[in-house]
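Here is how the chains run, residue by residue.
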Amino acid sequence: MVKRNLIEHAGFDEGVSDLDLAAGTGTLSIMIKRRIASVDVTCVDGDPKILEIAERNAREANVRVDFDNAMATNLPYPDSTFDRVVSTLFFHHLNKYTKSQALLEVFRVI
Ligand SMILES: C[S@@+](CC[C@H](N)C(=O)[O-])C[C@H]1O[C@@H](n2cnc3c(N)ncnc32)[C@H](O)[C@@H]1O
């Protein structure tokens, strides 16, 4: 329900580029691709093992998603790479300092 509502409000149009921050097993990204296939989706997560699961899930769902292993506080993208950055069930994992650092990175890459 949370993910469905987020997708409704994110205003995805054809060809928008989207980063799923701390994407976990890729559930949100797969939902986005199923809703609008032309959205260019990248999953980033700090855990390489969970990304392996996400890659498998995307393959099984037959959707094309890119995957990067990186921390939210140090994203491996140039400034203004994405049109949207979305994230679910993630920010409560961070303390006040890392939350600020991650949000600075979000503003930088968007
Ligand atoms: C509860 S899961 C949520 C996954 C997904 N966003 C979802 O809604 O299903 C939290 C995820 O955050 C990732 N994570 C935790 N701290 C992180 C950090 N500092 N940078 C990147 N990923 C992180 C974990 O590896 C995990 O996949």
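Structure's up top.
The model shown is predicted, which means the values in this text are computed figures rather than measured ones. (Residues numbered from 1 in each chain as written. Predicted model: local features only at pLDDT ≥ 70, side-chain atom pairs only at ≥ 80, totals over all residues. Heavy atoms only, no water.)

*Asks:* Outline the overall build of the protein chain, listing residues and values.
*Replies:* Within the protein chain, the regular secondary structure consists of 4 helices and 4 strands. Start at the N end of the protein chain and walk to the C end: the helices and strands fall as α-β-α-β-α-β-β-α. Its C-alpha atoms give the protein chain a radius of gyration of 13 Å, within 12% of the compact-globule value 13 Å for 110 residues. Across its three principal axes, the protein chain shows a C-alpha extent of roughly 35 × 30 × 30 Å. Contacts spanning at least 24 positions in sequence make up 68% of the contacts within the protein chain whose residues lie at least 6 apart. (Helix = DSSP H or I, 4+ residues; strand = E, 2+ residues; numbered from the N terminus. Rg over C-alpha atoms; globule rule 2.2 N^0.38 Å. Contact = heavy atoms within 4.5 Å.)

*Asks:* Lay out the pairing of strand E3 (residues 66–69) in plain terms, naming residues and giving numbers.
*Replies:* Relative to E3, strand E2 (residues 40–45) runs parallel, the two being bridged by 4 bridges. Following the sheet pairing, Cys 43 is matched in E3 by Phe 67. As a crossover connection, the stretch from E2 through helix H3 (residues 48–61) into E3 is right-handed. (Pairing = 2+ DSSP bridges. Right-handed = clockwise from strand over helix to strand, strands pointing away.)

*Asks:* Provide a residue-level description of helix H1 (residues 2–10), including the pertinent values.
*Replies:* Those residues of H1 that fall on the buried side of the exposure criterion are Lys 3, Ile 7 and Ala 10. Within H1, the buried residues cover an arc of 70° as seen down the axis, which keeps them to one side. For H1, the exposed residues lying more than 90 degrees away from the buried face are Val 2 and His 9. On its buried face, H1 sits against helix H2 (27–35) and strand E4 (84–86). Downstream of H1 by a residue or two, Gly 11 has a phi angle that is positive, lying close to 65°. (Buried < 20%, exposed > 50% of the residue type's maximum accessible area, 1.4 Å probe, protein only. Arc of directions from axis to C-beta.)

*Asks:* I'd love a proper account of the sheet that holds E2, names of residues and values included.
*Replies:* Strands sit in the order E3-E2-E1-E4 across an open sheet of 4 strands; the sheet is parallel. Two strands close off the open sheet at either side, each with one partner strand: E3 and E4. Sheet twist, expressed as the mean angle between neighbouring strand axes with direction ignored, is 20°. With respect to the sheet, H3 is in contact with E2 and E3, its orientation differing from that of E3 by roughly 175°. (Axes fitted to C-alpha atoms, helices over the stretch in contact; angles between N-to-C directions.)

*Asks:* Which residues make up the environment of Asp 68, and what are the values?
*Replies:* Tracing the sequence through the fold places Asp 68 in strand E3. Excluding its chain neighbours within four sequence positions, the residues that come into contact with Asp 68 are Thr 42, Cys 43, Val 44, Asp 45, Leu 51 and Tyr 77.

So, to be careful, I would describe these as geometric facts and stop short of saying anything about function.
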